[in-house]
Amino acid sequence: MKTKQGQPLRENSKLKRLLELFLVSTKLGITSFGGPIAHLGYFHEEYIKRRKWLDERSYAELVAVCQILPGPASSQVGIGIGIMRGGLLGGIAAWLGFTLPSVLALVLFAYFLQGVDTAHAGWIHGLKIVAVAIVAHAVMGMAKKLAPDRSRATIAILAAAATLLWPTAFTQITVIFLAGLLGWSFYRTEDTPAVPVIHVPIKSSAAVLCLTLFGGLLIFLPVLNGMLSFSWLAMFDSFYRAGSLVFGGGHVVLPLLEREVLPAGWLTKEQFLAGYGAAQAVPGPLFTFAAYLGAVRNGWTGAVIATIAIFLPAFLLVAGTLPFWDTLRQKRGIQGTLVGVNAAVVGILLAALYDPIWVSSIQTPADFVLAAILFGLLTFWKAPPWIIVPIGALGGIFINSVIT
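Summarised in this report is the structure supplied together with it.

The rules behind the values
- Residues numbered from 1 in each chain as written.
- Predicted model: local features only at pLDDT ≥ 70, side-chain atom pairs only at ≥ 80, totals over all residues.
- Heavy atoms only, no water.
- Helix = DSSP H or I, 4+ residues; strand = E, 2+ residues; numbered from the N terminus.
- Rg over C-alpha atoms; globule rule 2.2 N^0.38 Å.
- Buried < 20%, exposed > 50% of the residue type's maximum accessible area, 1.4 Å probe, protein only.
- Contact = heavy atoms within 4.5 Å.
- Lys, Arg positive; Asp, Glu negative; His and termini not counted.
- Charge placed at Lys NZ, Arg CZ, Asp CG, Glu CD.
- Core = buried A, V, L, I, M, F, W, Y, C linked by side-chain atoms within 4.5 Å.
- Salt bridge = Lys/Arg side-chain N within 4 Å of Asp/Glu carboxyl O.
- Patch = residues over 30% accessible without salt bridge, like charges linked within 9 Å, V, L, I, M, F, W, Y side chains within 5 Å.
- Areas by Shrake-Rupley, 256 points an atom, 1.4 Å probe, with all protein chains shown as cover.
- Expected span 1.5 Å × (residues − 1).
- Polar contact = N/O pair within 3.5 Å; in protein donor to acceptor, adjacent residues only side chain to side chain.
- Phe/Tyr/Trp six-rings, centres within 6.5 Å; stacked < 30°, edge-to-face > 60°.

### Thoughts on the overall build of the protein
Now for step 1: When its secondary structure is counted, the protein shows 15 helices and zero strands.
Now for step 2: For the protein, whose C-alpha radius of gyration is 21 Å, the value lies close to the compact-globule estimate of 22 Å for 404 residues.
Now for step 3: Dimensions along the principal axes, computed over C-alpha positions, put the protein at roughly 60 × 60 × 50 Å.
Now for step 4: Out of the 404 residues in the protein, the part that is buried amounts to 53%.
Now for step 5: Long-range contacts, defined as pairs at least 24 residues apart, comprise 76% of the intrachain contacts of the protein with a sequence gap of at least 6.
Now for step 6: Charge centroids of the protein, computed over 28 positive and 18 negative side chains, lie 10 Å from each other.

What follows is the structure in structure tokens.
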């Protein structure tokens, strides 16, 4: 009797958690402007500071893992948090919520808003300034806990310097690797705070299956595409391959997609560039640019196929990696390594705060004033990001129309 009575309660609890994941990530998907680094700032504010779903160290480690894996790092972080909270279904719920708003927006752009000039809109400029405040707040909060002493602060500064001076896709991976070596050298024998045990509700066999499926699709999709003349299969193959081979964030996927869709004649270069401009104007991950391309090619069906295909590699990699990551991080030597990695993540975020976020957003004294006001509201007045976003958009309109 207890089992029969308890089972619906457990199922209701799981459904409630999945619904919470979906709703929270949807709010982030609607308000997270500014690109992948800004997304990490929004995640930090909502998932870590407000809801405390992860501690600071675990969040920084998750960011580091996702920086190393190919794919959209911010989406992978969101998927990882969803998996930790609700298993594979939790990862799907978190991904859907964060991705769906920008997918819908870009499909609407594909249907109704082609040719609209978004490059000089004041509200878009204001949202870029919002990203400055959000990322600065995240960097400050993470630095206090992850780089509080001289040695870790030095690692963070060196990581920022290397990332800025050699801005390539593989620099971040090299920086994280070297920081891990420094952490292992300096901290493997020191007493470090106990690492919270994170339960990842995925069996190791399921994780291995995810990694096998990732590699199998990457190898055999082109073979199937060569044997079968299905347009949807060709689209799935192209977008899956693009999502599997990207290091360095969403902007890196653009040349890959251009090489896939333009020679195939799926759309014109003008349509491609119009969609790219639209992708800059909406919140959420830049990988949802695939939804626009799929919609131009084959309407809503094409948008769904392209979106699933480009994000599937990221999901499989995160689901296949997290169970083993939690086991490894409990070992003393690994903990020392992660001390250095966490400091490097702070430095990488600091570098991103300057370039591309600061240099593309703060162009006049008025821009700086708006960024300072938003930072003050966020840091000292504890205003939530969903309030900061419309204030920044309105501020951008004011600067664009009145001050300049």
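### A word on the nonpolar core
Now for step 1: Core analysis: the biggest nonpolar cluster contains 119 residues, and Tyr59, Leu62, Val77, Phe239 and Leu293 have the highest contact counts within it.
Now for step 2: Excluding residues within four positions of it along the chain, Val77 makes contact with Leu40, Phe43, Tyr59, Leu62, Val63 and Cys66.

### Some remarks on the pattern of salt bridges
Now for step 1: Going through the model one piece at a time under the given rule, you end up with eight salt bridges.
Now for step 2: Measuring nitrogen to oxygen at the nearest pair gives 3.0 Å for the salt bridge that ties Arg241 to Glu260. Here Glu260 lies in helix α10 (residues 253-261) and Arg241 lies in helix α9 (residues 231-244), a separation of 19 residues in the sequence.
Now for step 3: Classification of Arg241 by relative accessible area gives partly exposed; the value is 23%.
Now for step 4: Residue classification places Glu260 among the partly exposed positions, given a relative accessible area of 21%.

### Observations concerning a positive patch on the surface
Now for step 1: A cluster of basic residues, Lys49, Lys52, Lys144, Lys145 and Lys382, forms a positive patch at the surface.
Now for step 2: Among the secondary structure elements, Lys49 is positioned in helix α2 (residues 36-50).
Now for step 3: The exposure class assigned to Lys49 is partly exposed, which follows from its relative accessible area of 36%.

### Quick notes on unusual backbone geometry
Now for step 1: Residue Lys52 is not a glycine yet carries a positive backbone phi of 55 degrees.
Now for step 2: Along the chain, the position of Lys52 falls in the loop between α2 and α3 (56-68).
Now for step 3: Given the relative accessible area of 63%, Lys52 is considered exposed.
Now for step 4: Of note in this structure, Lys382 is not a glycine but carries a positive phi near 60 degrees.
Now for step 5: With respect to the element layout, Lys382 can be found in the loop between α14 (365-379) and α15 (385-403).
Now for step 6: Overall, Lys382 belongs to the exposed group, its relative accessible area being 62%.

### Digging into the environment of Phe375
Now for step 1: Within the fold, Phe375 resides in helix α14.
Now for step 2: Between the alpha carbons of Phe375 and Ile388 there is a distance of 9.0 Å; along the sequence they are 13 residues apart.
Now for step 3: Beyond its immediate chain neighbours, meaning those up to four positions away, Phe375 contacts Ala133, Ala136, His137, Met140 and Phe380.

### A closer look at α3
Now for step 1: Between its terminal C-alpha atoms α3 stretches 19 Å, which fits the 18 Å expected from 13 residues at 1.5 Å a residue.
Now for step 2: Where burial is concerned, most of α3 is hidden: twelve out of the 13 residues are buried.
Now for step 3: Taken as a whole, α3 has its buried residues at Glu56, Arg57, Ser58, Tyr59, Ala60, Glu61, Leu62, Val63, Ala64, Val65, Cys66 and Gln67.
Now for step 4: For α3, the side-chain oxygen to backbone nitrogen distance between the N-cap and Arg57 is 3.1 Å, and the N-cap itself is Asp55.

### Things to note about the packing of aromatic side chains
Now for step 1: Enumeration according to the criterion identifies twelve aromatic pairs in this entry.
Now for step 2: Their ring planes at 25 degrees and their centres at 6.3 Å tell us that Phe239 and Trp266 sit as a pair that is stacked. Remark: Trp266 occurs in the loop between α10 and α11 (269-281) and Phe239 occurs in helix α9; sequence separation between them is 27 residues. Across this residue pair, the class does not change: Phe239 and Trp266 are buried.
Now for step 3: Feature note: the residues Phe43, Tyr47, Trp53 and Phe98 constitute an aromatic cluster, connected by ring pairs.

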